[in-house]
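As a plain string of letters, each chain reads:
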Amino acid sequence: DDHPVKAAAEKLKEAVTGGQTPEDGVPGKPGPESPTFAEPTEVREPLPPKADQSGPRPVSPTGARSRDGRAAAAQQGERLTTAQGDRLYDTDHSLKAGPRGPVLLQDHHLREKITHFDHERIPERVVHARGAAAHGVFKGYGRAAGVTKAAFLGKGVETDVFVRFSTVLGSRGSADTVRDTRGFATKFYTAEGTFDLVGNNIPVFFIQDAIKFPDIIHAGKPHPDREIPQAQSAHDTFWDFVTLHTEATHHTLWNMSDRGIPRSYRMMEGFGVHTFRLENAAGETTLVKFHWKPKLGVHSLVWEEAQIAGGVDPDFHRRDLADAIEAGAYPEWELGIQTFPDTPEQTFEGIDLLDSTKIVPEELAPVQPIGLLTLDRNPSNYFAETEQVAFHLGHLVPGIDVTDDPLFQGRLFSYLDTQISRLGGPNFGQLPINRPHAPVNDMLRDGMHQTAVHRGVAPYHPNSLDAGCPFMAGADTGADIEVPVELPASRKVREAPASYDDHFSQARLFWLSMSPPEREHIVHAYSFELGKCYEQAIKERGLQSLANIDTELCAQVAAALGLPAPEPTEPLRDEQPSPALSQLGRIWPLDGRIIGIVTDGSADADGVRTVRRHLLDAGMVPLVIAPAGGKLEAGGEPITVQRTFATARSIEFDALLVVGVPAAGTDALPARDAKAKTSASTLDPRLRLLLDEAFRHGKAIGGWAGADQVLDAAGLPAGAPGVVVADSGAAVLDEMKELLGAHRVWERFPARLNG
Ligand code: HDE
């Protein structure tokens, strides 16, 4: 009993449990029946459930939908054990020859614990390393039956899905809000086998042939000598590549637009990019492009917000997605298709459907909704699910087939290949997140990390020993049969078709479709990114690409760089703008928008409570911001403080409400400007910053009960666009809702570019 390790364990037990242990217990993880976790501090209140969301959906036979996270799991019993299930009495002290003596090699627990830890990391994805994911359900509308026999698109058919969003260039630990393309990869666990739609939030790609993919990625990733910059396109090698391979101009312009800095993963469109071929039950084919349309609308950050978030909340998008789902504000997207006749030319209105640097404007081919995606469950383990999920464009179901787009074809090779090194062998399909929800009966055997115990002796076909199994399916029993398309008689060549030489017309189309504030943002983005390049020749080539998009765009960026604007080398045609490409000029739903309410509880506490309730009922998320944490005891129900002046930063909020004249926090630093301090002696400098940034970023700002004094002290111009002061919270709210529908107060952005 006087063994020193045992004595230490006893002491620890005492410390952890205060002596209240089960009779035979040692300190450790509480058993499932005896949860002792502390209540989390309330940061967000769950939204009221929507009428059609009646709680958790049932668990599938594979267990993959289990909500307690224990399906694939892992831990059983109450006691800490080794990997072999041997119970442990101590995990904090190595086995030593005496308390001050050397550690003994025979300590298996020590070696097992450290060895396992040493191997905890796997290689991150070579692109799209930084991601966040969620589970959900896809419900078919049945409207695609005319063009595809894919069963999961049938009316009312529900299919489990897992969606992973990502940035492209950054490492796994990089910031979420960098300027980049976003991945939008969806795994549909259909009854006919898994279908992966591995798309992006930008409908075009940098290159037309997969053979250039290593080159563009080498150019975009950090420089090989110093390994900087991280998760950025604002550096010489990226711009060197995209100005030498001018087919990248269109995608680059999207990146430089607001699309490169989304407000939220929940507020992005998604695109399959390539043209796919669908086949219906009668064997007729149609070419299509897939689109995801977010129910919350398409919104972006402004550049300064994106940069602030990179520092104050690098997990901005990851947190936003997880918080929303946890609060019951399930994000939704409609899946839609643009359809084109499957003609031998594979063009539509002169647009080459096999060229992934081109879109087909929605005004020419409307996006037809065919189903609804709802994300309603967060992963329970990041590594097991978000990190280990493996997507592949070749995961297709009957009714959906590939086309000859050389980018598509190269991807069909790449994804399987990369999983083998990333996930350590060919059996990654057996990982819980990758397991199909359809029965699997393959003849793949053995290999690293084989976890199946296959029966039988004849994993070959045909055989006469295992009763001839498995049998082959025919089209009538759901076999996935390639569409037998005609191939043009041709020669082997390393060449692209002539239509692939048009690198600028659609970039011009995109530019001409932008509103003045969106154009302004694009000018700023190019000025910043090219301005960060060191090589004069690269800046000049960048301007040459811009000259071929638009004279005004080129002139503005040239002025910012202090360089002459070159003449276009390609004709600038009158492209027909596509209004669907602009994020402005529409009224978007308010669901999920985050409203900060700044108060110290001393003014109109009832009004605060009522406004919070109204916001929640309207599907928005109110967050109370006060000088310090805790609860505001102000007559009636106490008001929980969710952010303090120390933790609130403007980027988190879509709009701010100020109630009364909140006192300064006791932890406030002195104001920098003594004069300003006198004129607003009660204004905490952090509140001033909050309001100042919210104003600069085009956010609606409102207030009542004396808030005009605060806004005055913060130097916000009286009567400025999007600043609403009224007598009561209710009156302010009405006007705020209207402003929020437009997403931002666009009038605040100086619009020099009106053409
Ligand atoms: Fe990818 N891409 N890609 N890509 N891609 C990968 O596969 C590749 C392309 C996309 O959340 C890798 O599993 C090539 C277009 C997403 O796990 C890799 C080419 C589009 C994801 C790969 C492309 C995408 C990837 C790295 C040129 C939009 C993340 C890790 C032909 C339609 C999926 C992995 C996730 C990931 C190769 C171009 C989307 C290396 C060769 C175009 C969303 O296999």
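Residues numbered from 1 in each chain as written. Predicted model: local features only at pLDDT ≥ 70, side-chain atom pairs only at ≥ 80, totals over all residues.

The name that an unreviewed UniProt entry assigns to the protein is Catalase, with the source organism given as Streptomyces kunmingensis. Under the Catalytic activity (unreviewed entry) heading, UniProt states for the protein: "2 H2O2 = O2 + 2 H2O". UniProt lists a comment for the protein under the heading Cofactor (unreviewed entry), and it reads "heme". (UniProt positions renumbered as here; feature names shortened; annotations may be inferred.)

Student: So what's going on with the overall build of the protein? Residues and values would help.
Tutor: Counting its secondary structure elements, the protein contains 18 helices and 20 strands. Looking at the protein as a whole, 40% of its 755 residues qualify as buried. (Helix = DSSP H or I, 4+ residues; strand = E, 2+ residues; numbered from the N terminus. Buried ≥ 20, exposed ≤ 12 C-beta atoms within 10 Å, placed from the backbone.)

Student: I'd like a rundown of the site of the ligand, residues and numbers included.
Tutor: Looking at the ligand, there are 27 residues lining it, with His128, Arg164, Gly183, Ala210 and Val273 nearest. For the shell around the ligand, the elements supplying multiple residues, two or more each, are strand 2 (158-167), strand 3 (182-190), strand 4 (193-200) and helix 9 (406-422). Broken down by element, the shell around the ligand gets its largest block of residues, seven residues, from helix 9. Across the shell around the ligand, the residue classes break down as 13 nonpolar, 11 polar and three charged. (Near = placed C-beta within 6 Å. Nonpolar A, V, L, I, M, F, W, Y, C, P; charged D, E, K, R; others polar.)

Student: An account of the UniProt feature "domain: Catalase core" (unreviewed entry) in the protein is requested, with residue identities and associated values reported.
Tutor: When the UniProt feature table is mapped to this numbering, "domain: Catalase core" (unreviewed entry) covers residues 81-469. This span, residues 81-469, is 21% helix and 20% strand, and a straight line between its end C-alpha atoms measures 41 Å.

Student: I'd like to hear about the sheet that holds strand 20 (residues 723-725), residue by residue, with values.
Tutor: Pairing in this open sheet of six strands is parallel, and the strands run 17-14-13-18-19-20 from one edge to the other. At either end of the open sheet lies a strand with only one pairing partner, and these are strand 17 (643-644) and strand 20. (Pairing = 2+ DSSP bridges.)

Student: Help me get a handle on the pairing of strand 14 (residues 621-626), residues and values and all.
Tutor: Where burial is concerned, most of strand 14 is hidden: six out of the six residues are buried. Alternating positions in strand 14 separate into two faces, Val621, Leu623 and Ile625 on one and Pro622, Val624 and Ala626 on the other, with burial throughout. Sheet analysis places strand 13 (residues 594-598) next to strand 14, joined by five bridges and oriented parallel. Within the sheet, the bridge partner assigned to Ile594 lies in strand 14 and is Val621. In this fold, strand 13 hands off to helix 14 (residues 605-617), which returns the chain to strand 14; that crossover is right-handed. Judged from the two bridges that link them, strand 14 and strand 17 form a sheet pairing that is parallel. (Right-handed = clockwise from strand over helix to strand, strands pointing away.)

Student: If you had to explain helix 16 (residues 685-696) to someone new, which residues and values would you point to?
Tutor: When the terminal C-alpha atoms of helix 16 are compared, their 16 Å separation across 12 residues agrees well with the 16 Å that a helix rising 1.5 Å per residue should span. Buried residues along helix 16 sit in contact with strand 13, strand 18 (655-659), strand 19 (700-704) and helix 17 (707-713). At the exit of helix 16 stands Gly698, carrying a positive phi of roughly 75°. (Expected span 1.5 Å × (residues − 1). Contact = placed C-beta atoms within 7 Å.)

Student: Go over the confidence of the model for the protein with me, naming the residues and quoting the values.
Tutor: Taken residue by residue, the protein gives an average pLDDT of 90. The fraction at 70 or more is 88%. Taken as a whole, residues 51-71 scores under 50 in pLDDT and shows 22 contacts with residues more than four places along the chain or in a different chain. Quick note on the complex model: pTM equals 0.91, ipTM equals 0.97. (pLDDT = per-residue confidence, 0-100.)

Student: Describe the environment of Pro361, listing the residues and the values that go with them.
Tutor: Mapped onto the elements, Pro361 comes out in the loop between strand 10 (351-352) and strand 11 (368-377). Here Pro361 falls in the buried class, since 21 other C-beta atoms lie within 10 Å of it. C-alpha separation for the pair Pro361 and Gln338, spaced 23 residues apart in sequence, amounts to 9.5 Å. If near-sequence neighbours (up to four positions away) are discounted, Pro361 is found in contact with Ser578 and Ala580.

Student: Got a sec to walk through the pairing of strand 8 (residues 332-341)? Specific residues and values, please.
Tutor: As judged from the nine bridges shared by strand 7 (residues 285-294) and strand 8, these two strands associate in the antiparallel manner. The partner of Phe290 across the bridge, within strand 8, is Ile337. Of the pairings in the sheet, the one linking strand 8 to strand 11 comprises six bridges and is antiparallel in character. Bridge pairing in strand 11 links Leu335 to Gly371.

Student: Quick one: what's the story with the nonpolar core, residue by residue and with numbers?
Tutor: In this structure, Val163, Tyr526, Leu546, Leu553 and Val557 are the most contacted members of the largest nonpolar core, which totals 96 residues. Per-element accounting of this core gives the leading share, five residues, to helix 11 (residues 516-531). Split by domain, the residues of this core number at least three in each of domain 2 (131-434) and domain 3 (504-581). Residues in contact with Leu553, not counting those within four places in the same chain, are Trp511, Ile522, Val523 and Leu546. By size, the runner-up hydrophobic cluster in this structure holds 49 residues, among which are Ala605, Ala655, Leu656 and Leu711. (Core = buried A, V, L, I, M, F, W, Y, C linked by C-beta atoms within 7 Å. Domains from an automatic or database assignment.)

Student: Provide a residue-level description of the environment of Phe383, including the pertinent values.
Tutor: When you line up the elements, Phe383 lands in helix 8 (residues 382-387). C-alpha separation for the pair Phe383 and Glu120, spaced 263 residues apart in sequence, amounts to 9.8 Å.

Student: Mind laying out unusual backbone geometry, listing which residues take part and the relevant values?
Tutor: Pro229 follows Ile228 through a cis peptide bond whose omega is -5°. Within the secondary structure, Pro229 is located in the loop between helix 3 (213-220) and helix 4 (236-244). Here the amide bond leading from Cys469 into Pro470 is cis, since omega sits at -10°, within 30 degrees of zero. When you line up the elements, Pro470 lands in the loop between helix 9 and helix 10 (505-513). One non-glycine residue, His128, lies in positive phi territory at about 60°. Counting through the fold element by element, His128 comes out in the loop between helix 2 (108-118) and strand 1 (131-140). Positive phi, close to 55°, is recorded for Ala467, a residue that is not glycine. Examined against the element boundaries, Ala467 turns out to sit in the loop between helix 9 and helix 10. Among the residues examined, Ala467 registers 10 C-beta atoms within 10 Å and is labelled exposed.

Student: Any details on the environment of Leu335? Residues and values, ideally.
Tutor: Relative to the assigned elements, Leu335 resides in strand 8. For Leu335, a count of 26 C-beta atoms within 10 Å gives the class buried. Between the C-alpha atom of Leu335 and that of Trp292, which follows or precedes it by 43 residues, the distance is 4.7 Å. With sequence-adjacent residues up to four places away left out, Leu335 is seen in contact with Phe290, Trp292, Ile370, Gly371 and Leu373.

Student: Before we move on, can you summarise the packing of helix 12 (residues 536-547) against helix 13 (residues 551-561) with the specific residues and values?
Tutor: Between helix 12 and helix 13, the least distance of the axes is 8 Å, while the angle of their chain directions is 160°. Our classification of the angle between helix 12 and helix 13 gives roughly antiparallel. The segment helix 12 lies against helix 13, with Lys539, Leu543, Leu546 and Ala547 engaging Thr551, Leu553, Cys554, Val557, Ala558 and Leu561. Residues belonging to the contact of helix 12 with helix 13 are distributed by class as follows: eight nonpolar, one polar and one charged. (Axes fitted to C-alpha atoms, helices over the stretch in contact; angles between N-to-C directions. Parallel < 35°, antiparallel > 145°, perpendicular 65-115°, else oblique.)

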